[in-house]
Amino acid sequence: MIDYYETKTQPITRKMVWEAYKLVRENKGSAGIDQQSLESYALDLKGNLYKLWNRLTSGSYFPSEVREVKIPKKSGGYRSLGIPTVDDRIAQQVVKSYLEPKIDGSFHPDSYGYRKGKNAHQAIEMAYKRCYKYSWVIDLDIKGFFDNIDHELMMKALSRYTQEKWILMYVGRWLKANVAGEHGNVQRTKGTPQGGVISPLLANIYLHFTFDKWMERYHPEILFERYCDDIILHCATQNQAELIKRVVAERFRECKLELNADKTHLVYCKSMGHRRNYSQVSFDFLGYTFRPRLWRTGAGVKLSFTPCMSQQAKKAVRDKIRSLALYRFQIPVQELAKMHYTSYNKVENNTRDIAIDELERFAGYFGMTIDQVVHFDIQPVDVTIQDKPNFEQINMINQLDEEDRTVVFKIIDTMLTKKKFKDFFQNNVAAL
């Protein structure tokens, strides 16, 4: 309950600011345009928080410029990341903590990004189940989503959830905050900084009305998974997939967004139940690649459409491992992974321990131990073929990627007769 005596013109309490600070501190983050880190901010914590609360409650708070940082994308090129100051991150967290619990329950059940009780693994699991039922997937890619959110439509969507003037006022100011980049200060006319505390919530609100509710109203038969701006749609036929792709593209254009034509694909979910041949039979979603794979089950070897760690994610892990320079440390990798920032900072800068921290997150995300992550691409699979297939069969196997070839060779290695291999090859491998 809001304490009347703690408020001024805006209903923001000191406790709200304090709780917001604790969340910002927990999430860490770099310094903004003022170069003030969380550590230096904490040197006069009481004074800094009081000044911020005083400005927020009086309505005199205006955000500082957002520091633009270019970070490399896994697919190539660079993504602009906006880094607000500590004060701005705390102010945004105040609004997020106040607004999010009031509106989260209205979001679509298949919206998984940046929501309490929802996560990427749930989205991946649901996509995996639906790929068995539906033979086609639309892998949507929105071109520069965070940079192209229309401010007018954003405020209109937000006003559907709240009419509280202080929230609308501060969100409007954050959207219009200048960006300090390599070409000087730029006034934003669209978009929200990818890196701001409030940005994921605003993105979910925008796409809730742009996509989720629209699909629910006009195409309720189409199931989908959305993790912020990563969207997968499931269709029964190719004609249906082409139609839905076209109408969704039109809907996005109406809402001032555009699909990336080079990265938006129709994908056939090839498996034992979907055995036709199409050129596009794989897609990446949240760090996993969905594609046909051979699996040994109790009923024999079957062709399944399943997710596995993507090549981009593997490359990111390898790059992280190289950045650790493990050869310099004569200790087990498990102990290295447990080291914290404080002990590392005594030796050198925190680049390497940040990498270790991210490496642990990789391990957890892909269901691996830290030792498996470090060694997963170092130990080659040694396979000997006892029943060697003929040249034509070998040629067909070599057209598979490395992971599927390894599975085939392991199975070949257990065969006792050429006839067994021939039957298996004709019934399973040729289907790929």
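Residues numbered from 1 in each chain as written. Predicted model: local features only at pLDDT ≥ 70, side-chain atom pairs only at ≥ 80, totals over all residues. Heavy atoms only, no water.

1. So, the overall build of the chain
- Helix and strand counts for the chain come out as 17 helices and 11 strands.
- For the chain, buried positions account for 46% of its 432 residues.
- The long-range share in the chain, meaning contacts at least 24 apart out of those at least 6 apart in sequence, stands at 69%.
- For the chain, the exposed surface amounts to about 23200 Å²; the carbon and sulfur share of it is 51%. (Helix = DSSP H or I, 4+ residues; strand = E, 2+ residues; numbered from the N terminus. Buried < 20%, exposed > 50% of the residue type's maximum accessible area, 1.4 Å probe, protein only. Contact = heavy atoms within 4.5 Å. Areas by Shrake-Rupley, 256 points an atom, 1.4 Å probe, with all protein chains shown as cover.)

2. Thoughts on helix α8 (residues 199–218)
- Taking 1.5 Å as the rise per residue, α8 with 20 residues should run 28 Å; its terminal C-alpha atoms sit 27 Å apart, in good agreement.
- In α8, a bend of some 50° at His208 exceeds every other bend along the element.
- For α8, the buried fraction is high: 16 of the 20 residues fall into the buried class. (Expected span 1.5 Å × (residues − 1). Bend = angle between axes of the 7 residues up to and from the residue.)

3. Comments concerning the sheet that holds strand β10 (residues 288–297)
- The antiparallel open sheet is built from 3 strands, whose spatial order is β9-β10-β11. One side of each edge strand has no neighbouring strand; the edge strands of this open sheet are β9 (283–285) and β11 (300–309). Adjacent strand axes in the sheet meet at a mean angle of 50°, parallel and antiparallel pairs treated alike.
- Helix α5 (residues 120–133) rests against β9, β10 and β11 of the sheet, and its axis sits at about 145° to β11. (Pairing = 2+ DSSP bridges. Axes fitted to C-alpha atoms, helices over the stretch in contact; angles between N-to-C directions.)

4. Let's talk about the confidence of the model for the chain
- Within the chain, residue pLDDT values average 81, and 72% of them lie at 70 or more.
- A low-confidence stretch, residues 377–392 (pLDDT under 50), is modelled with 19 contacts involving residues beyond four sequence positions or located in other chains. (pLDDT = per-residue confidence, 0-100.)

5. Quick look at empty space enclosed by the protein
- Counted under the stated rule, the structure contains 2 cavities of 30 Å³ or more.
- Reported here for the largest cavity is a volume of approximately 70 Å³.
- Lining the largest cavity are Pro63, Ser64, Val66, Pro84, Asp88, Gln92, Trp174, Ala177, Thr192, Pro193, Ile198 and Ser199.
- In terms of residue class, the lining of the largest cavity is made up of 7 nonpolar, 4 polar and 1 charged. (1 Å grid on protein atoms, 1.4 Å probe; cavity = no way out; pocket = protein on both sides within 12 Å on 5 of 7 lines; lining within 4 Å. Points joined across faces, edges and corners; volume = space filled by probe spheres on them. Nonpolar A, V, L, I, M, F, W, Y, C, P; charged D, E, K, R; others polar.)

6. Points about helix α1 (residues 14–27)
- Spanning 14 residues, α1 covers 20 Å between terminal C-alpha atoms, matching the ideal 20 Å at 1.5 Å per step.
- Considered for burial, the residues of α1 that qualify are Met16, Val17, Ala20, Tyr21 and Val24. Looking down the long axis of α1, one finds its buried residues gathered within 135° of arc, a one-sided arrangement. Of the residues in α1, the exposed ones pointing more than 90 degrees away from the buried face are Lys15 and Glu26.
- Of the surrounding elements, those touching the buried residues of α1 are α2 (38–42), α3 (45–58), α4 (86–103) and α7 (165–176). (Arc of directions from axis to C-beta.)

7. A few points about the pattern of salt bridges
- The final tally for this structure, using the stated rule, is 11 salt bridges.
- When the shortest N-O distance is used, the salt bridge between Asp104 and Arg115 registers 3.0 Å. Highlighted residues: Asp104 in the loop between α4 and α5 and Arg115 in the loop between α4 and α5, separated in sequence by 11 residues. Accessibility assignment for this pair places Asp104 and Arg115 in one class, buried. (Salt bridge = Lys/Arg side-chain N within 4 Å of Asp/Glu carboxyl O.)

8. Some words on the nonpolar core
- Membership of the largest hydrophobic core comes to 68 residues, with the highest contact counts inside it found for Ile90, Leu233 and Phe252.
- With 10 residues, α8 is the single largest residue contributor to this core.
- Residues within four places of Leu233 in sequence aside, it is in contact with Trp136, Val137, Ile138, Leu140, Phe211, Met215, Ile222, Leu223, Phe224 and Ile244.
- Grouped together as the second largest cluster of nonpolar side chains are 17 residues, Ala123, Ile124, Ala127 and Val137 included. (Core = buried A, V, L, I, M, F, W, Y, C linked by side-chain atoms within 4.5 Å.)

9. A closer look at the pairing of β10
- Across the 10 residues that make up β10, a large majority, 7, are buried.
- Both β9 and β10 contribute to a ladder of 3 bridges, which runs antiparallel. Pairing of Asp284 across the sheet is with Thr289, part of β10.
- The antiparallel hairpin formed by β9 and β10 contains 2 residues in its connecting segment, where Leu286 sits at a positive phi of about 55°.

10. Describing the packing of α3 against α4
- Direction vectors running N to C along α3 and α4 enclose 55°, while the axes themselves pass 11 Å from each other. Compared by their axis directions, α3 and α4 come out oblique. α3 and α4 meet at a crossing whose hand is right-handed. Packed against α3, whose contacting residues are Asn48, Leu49, Leu52, Arg55 and Leu56, the element α4 presents Asp87, Ile90 and Ala91 at the interface.
- In terms of residue class, the contact of α3 with α4 is built from 5 nonpolar, 1 polar and 2 charged. (Parallel < 35°, antiparallel > 145°, perpendicular 65-115°, else oblique. Left-handed = near helix turned anticlockwise from the far one by under 90°.)

11. Overview of the sheet that holds strand β5 (residues 184–186)
- If you walk across this open sheet you meet the 4 strands as β2-β1-β4-β5, and the pairing is mixed. The sheet is open, and its two borders are formed by β2 (78–83) and β5, each paired with just one other strand. Direction aside, neighbouring strands of the sheet carry axes that sit 35° apart on average.
- Across 6 bridges, the pairing between strand β1 (residues 66–72) and β2 is antiparallel.

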